[in-house]
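# Close look at the chain arrangement
Okay, here's what each chain looks like letter by letter:
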Amino acid sequence: MKLSLCLLLVILAVHCYEANAANVCPAVLSVSKSFLFDKVEKFEAYLQTFNAPPEAVKAKVEVKKCIDSTLNYLEKMEMGKILAEVVGYCKGTEN
């Protein structure tokens, strides 16, 4: 469960960074969703559409493999719910 807490903190940091929290890039949301729910191969192919350096893609894929082996589907659903709440909260605090 410690790993899922770390993942949640990273997601929160990305989505609520400074004043731009209400304007989360749709690509960030898509990558987060893909990270949680897609198969490794599909996630890797999706990351490559951003022309990311191969070492960055490889690193994210390794983290995904670790998450996939650690969290079950229900835990991933809970992470997705929390992500949705954070984005909803951030959009609700838009000035």
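Check the entry above for the structure.
The structure displayed is predicted, hence computed values, not measured ones.

### Comments concerning the environment of methionine 79
Position of methionine 79 among the secondary structure elements: in helix α5 (residues 73-92). Here the alpha-carbon distance between methionine 79 and lysine 33, two residues 46 residues apart in the chain, equals 9.7 Å.

### Let's talk about unusual backbone geometry
The phi angle at asparagine 51 is positive, at roughly 55 degrees, despite the residue not being glycine. Structurally, the position occupied by asparagine 51 is in the loop between α3 (40-48) and α4 (54-70). Judged by its relative accessible area of 71%, asparagine 51 falls in the exposed class.

### A short note on the packing of aromatic side chains
Tallying each qualifying case throughout the model produces three aromatic pairs. Look at phenylalanine 35 and phenylalanine 43: their rings are 5.5 Å apart centre to centre, the planes differ by 70 degrees, and that puts the pair in the edge-to-face class. Like phenylalanine 35, the residue phenylalanine 43 is buried in the burial classification. Here the basic side chain of lysine 64 rests over the ring of phenylalanine 35, its NZ or CZ set 5.9 Å away from the ring centre. Cation over ring: lysine 64 sits above phenylalanine 43, and NZ or CZ is 5.9 Å from the ring centre.

### Focus: a nonpolar patch on the surface
A surface patch of nonpolar side chains, about 420 Å² in accessible area, is lined by Phe37, Tyr73, Leu74 and Met77. Here the nonpolar patch takes three residues from α5, the largest share from any one element. Assignment of secondary structure puts leucine 74 in helix α5.

### Points about the nonpolar core
In terms of nonpolar packing, the biggest core is built from 11 residues, these being Val31, Phe35, Leu36, Val40, Phe43, Leu47, Val57, Val61, Ile67, Leu71 and Met79. Elements that contribute at least two residues to this core include exactly α2 (26-37), α3 and α4.

What counts and what doesn't
Throughout this document, residue positions are counted from 1 along each chain, in the order its sequence is written. At least 70 in pLDDT is required for a residue's local features to be given in this predicted model, at least 80 for side-chain atom pairs to be given and counted, and no such filter applies to totals for whole chains, interfaces and linings, which use all residues. The basis for every side-chain value is the complete set of heavy atoms in the structure, and neither hydrogens nor water enter the calculation. Strands are runs of DSSP state E lasting at least 2 residues, helices are runs of H or I lasting at least 4, and numbering of each runs from the N terminus. Exposed residues in this analysis have more than 50% of their type's maximum accessible area, buried residues have under 20%, and partly exposed residues fall in between, with area computed by a 1.4 Å probe over protein chains only. Only centres within 6.5 Å qualify two rings of Phe, Tyr or Trp (six-membered ring in Trp) as a pair; their planes then separate them into stacked at under 30 degrees, edge-to-face at over 60, and tilted for everything else. Lysine NZ or arginine CZ positioned within 6 Å of the ring centre and within 35 degrees of the ring normal marks a charge as sitting over the ring. Every patch collects residues that have over 30% relative accessible area and no salt bridge, joining them within 9 Å if they carry like charges and within 5 Å if they are nonpolar side chains (Val, Leu, Ile, Met, Phe, Trp, Tyr). Residue-level accessible areas treat just the shown protein chains as cover; the underlying method is Shrake-Rupley with a 1.4 Å probe. Salt bridge criterion: a side-chain nitrogen from Lys or Arg within 4 Å of a carboxyl oxygen from Asp or Glu. Only buried residues count toward a nonpolar core, which is a set of Ala, Val, Leu, Ile, Met, Phe, Trp, Tyr and Cys residues joined through side-chain atoms within 4.5 Å.

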